Amino acid sequence: MEIAKYHLDSVDRDKWAQLTVSCPSTTPFCLLEWLELLDLGFPAWHVHFIVMEQDGRYMAGLPLIVSAAAGVRQSHSMAHGSPAGPVLDPDADPGLASALLSWWADHYCAGWQAI
């Protein structure tokens, strides 16, 4: 299983939609429509996705907001307390959520484990 990062413009929209539809704990804040609104409404924010793919299917994903201002790079999932968090396929190992969060912390949080 591979972990990859995509920008809103490059994520596979069909695979993301299928993942969010199949996950019983998905919130509206994980849906592409909401994420597109954030992207349009807040130009300084960049919507990204961390996904785990297996056999051509997204098994787990984490939507993120990445921003940089005054030399400070920040990453949130999601901004302003929108309850997004990891999205898992019902057939996925629940441990994938921890793997996504660890990857995010390693690549975006500069060692600060404020998850």
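To keep things clear, this report deals only with the structure shown in the data block.

With respect to helix α1 (residues 13–22)
- For α1, the complete set of buried residues consists of W16, L19 and T20. All buried residues of α1 fall inside an arc of 95° around its axis, so they share one side. Exposed residues on α1 whose side chains face more than 90 degrees from its buried face are D14, Q18 and V21.

Considering the packing of aromatic side chains
- For the structure on display, the rule yields 4 aromatic pairs.
- Seen in terms of ring centroids, F29 and W34 are 5.0 Å apart; in terms of plane orientation they differ by 80°. Their pairing is edge-to-face.
- Both rings, one in F42 and one in W45, keep their centres 4.2 Å apart while their planes meet at 20°; by these two values the pair is stacked.
- Residue classification places W45 among the buried positions, given a relative accessible area of 14%.

Remarks on the environment of W16
- Relative to the assigned elements, W16 resides in helix α1.
- W16 gets classed as buried once you look at its relative accessible area, which sits at 0%.
- The residues touching W16, leaving out its near neighbours within four places in the chain, are V11, C30, L32, L35, F49, V51, Y58, G61, L62, P63 and V87.
- Only 2.9 Å separates the side chain of W16 from the backbone oxygen of C30, close enough to count as a polar contact.

Here we look at the pattern of salt bridges
- Counted according to the given criterion, the structure contains 4 salt bridges.
- Ionic pairing is found between E53 and K15, a salt bridge with its closest N-O pair at 2.5 Å. Here K15 lies in helix α1 and E53 lies in strand β2 (residues 45–54), a separation of 38 residues in the sequence.
- Owing to a relative accessible area of 23%, E53 belongs among the partly exposed residues under this scheme.
- Taking relative accessible area as the criterion, K15 reaches 23% and is therefore assigned partly exposed.
- D91 is paired through a salt bridge with R57; the nearest N and O atoms lie 3.6 Å apart. Separated by 34 residues along the polypeptide, D91 in the loop between β5 (87–88) and α3 (96–108) and R57 in strand β3 (residues 57–69) bring together distant segments of the chain.
- Under the relative-accessibility criterion, D91 is labelled exposed at 64%.
- Ionic contacts of the salt-bridge type, sharing partners, join the residues R57, D89 and D91 into one network.

Procedures and definitions
Residues numbered from 1 in each chain as written. Predicted model: local features only at pLDDT ≥ 70, side-chain atom pairs only at ≥ 80, totals over all residues. Heavy atoms only, no water. Buried < 20%, exposed > 50% of the residue type's maximum accessible area, 1.4 Å probe, protein only. Helix = DSSP H or I, 4+ residues; strand = E, 2+ residues; numbered from the N terminus. Arc of directions from axis to C-beta. Phe/Tyr/Trp six-rings, centres within 6.5 Å; stacked < 30°, edge-to-face > 60°. Contact = heavy atoms within 4.5 Å. Polar contact = N/O pair within 3.5 Å; in protein donor to acceptor, adjacent residues only side chain to side chain. Salt bridge = Lys/Arg side-chain N within 4 Å of Asp/Glu carboxyl O.

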